[in-house]
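# Architecture at a glance
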Amino acid sequence: SLLPNSYYQFVVRARNINGWSMQSSTVSVVTTSGPPGAPLDVVQRYNTETSITVTWRAPSDAGAIVVGYQIILSNNATDVGAVTQHTLSSLTVGTSYLLEVRARNAYGWGIFSDPITVVTKSTVPGIVLVTKGAAAVPVIGRRQLVVVWDPPDD
């Protein structure tokens with residue numbers, strides 16, 4: 001695999017059962033630039049109940065400066081600038097998402113990073129309100145009772 005935007009020289013020889021041919025004249029080429037490689041080491045750094053922060057390392061630029069990144073979070077795209085950290089917000093509490101990142105340079109979008117799973121924090125439920133009154137906690141026997149309550153709001 002050749003490097004983008006690089007100078008190479010080649011010679012060619014043929015071979016059959018009788019041996020090798022003389023080599024061709026030298027051919028010089030310069031490979032062109034292209035889209036960047038995949039971002040490296042994509043990881044979730046921080047999370048809250050409704051946001052996650054991810055970081056990554058810049059990919060090989062393929063001969064042109066990376067000018068931006070795109071994050072795909074469970075099929076939703078977010079374009080970000082030429083940064084290697086971003087916080088995604090307005091997410092659902094205690095939810096897992098699949099995340100990928102790709103880079104863009106003057107030659108277009110590169111390939112996506114390997115997907116990772118990111119998770120927002122879960123929260124504990126609110127306080128349980130036990131219904132008051134004798135009818136709410138009837139005794140069924142010496143060692144049993146029934147408790148009635150309203151579920152918490154969250």
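See above for the structure.
Rules behind the numbers
- Residues numbered from 1 in each chain as written.
- Predicted model: local features only at pLDDT ≥ 70, side-chain atom pairs only at ≥ 80, totals over all residues.
- Heavy atoms only, no water.
- Core = buried A, V, L, I, M, F, W, Y, C linked by side-chain atoms within 4.5 Å.
- Buried < 20%, exposed > 50% of the residue type's maximum accessible area, 1.4 Å probe, protein only.
- Helix = DSSP H or I, 4+ residues; strand = E, 2+ residues; numbered from the N terminus.
- Contact = heavy atoms within 4.5 Å.
- Salt bridge = Lys/Arg side-chain N within 4 Å of Asp/Glu carboxyl O.

All right, on to the nonpolar core then. Core analysis: the largest hydrophobic core is formed by 17 residues, its most contacted members being Ile-52, Trp-56, Ile-71, Leu-73, Leu-99 and Val-118. Elements with a contribution of two residues or more to this core: strand 6 (52-57), strand 7 (68-73), strand 10 (96-105) and strand 12 (116-119). Broken down by element, the residue count for this core peaks at four residues, all from strand 10. Beyond its immediate chain neighbours, meaning those up to four positions away, Leu-73 contacts Ile-52, Leu-88, Leu-91, Tyr-97, Leu-98, Leu-99 and Val-118.

All right, on to the environment of Asn-75 then. Along the chain, the position of Asn-75 falls in the loop between strand 7 and strand 8 (76-80). For Asn-75, a relative accessible area of 74% translates into the label exposed. Once the C-alpha coordinates of Asn-75 and Tyr-97 are considered, the two residues, 22 residues apart in sequence, prove to be 9.5 Å apart.

Leaving glycine aside, a negative phi is the common case for residues, and trans is the common case for peptide bonds. Residues other than glycine seldom take positive phi values, yet Asp-41 does so here, at roughly 50°. When you line up the elements, Asp-41 lands in strand 5 (residues 40-47). Its identity as a non-glycine residue notwithstanding, Ser-90 has a phi of 60°, on the positive side. Relative to the helices and strands, Ser-90 resides in the loop between strand 9 (85-88) and strand 10. With relative accessibility at 71%, the residue Ser-90 sits in the exposed group.

A separate point is the pattern of salt bridges. Considering all chains together, one arrives at one salt bridge under this definition. Across the pair Asp-41 and Arg-57 runs a salt bridge, and its minimum N-O distance is 2.6 Å. Here the residue Asp-41 occupies a position in strand 5, and Arg-57 occupies one in strand 6, the gap between them amounting to 16 residues. Taking the relative accessible area as the measure of exposure, Arg-57 reaches 47% and is therefore partly exposed.

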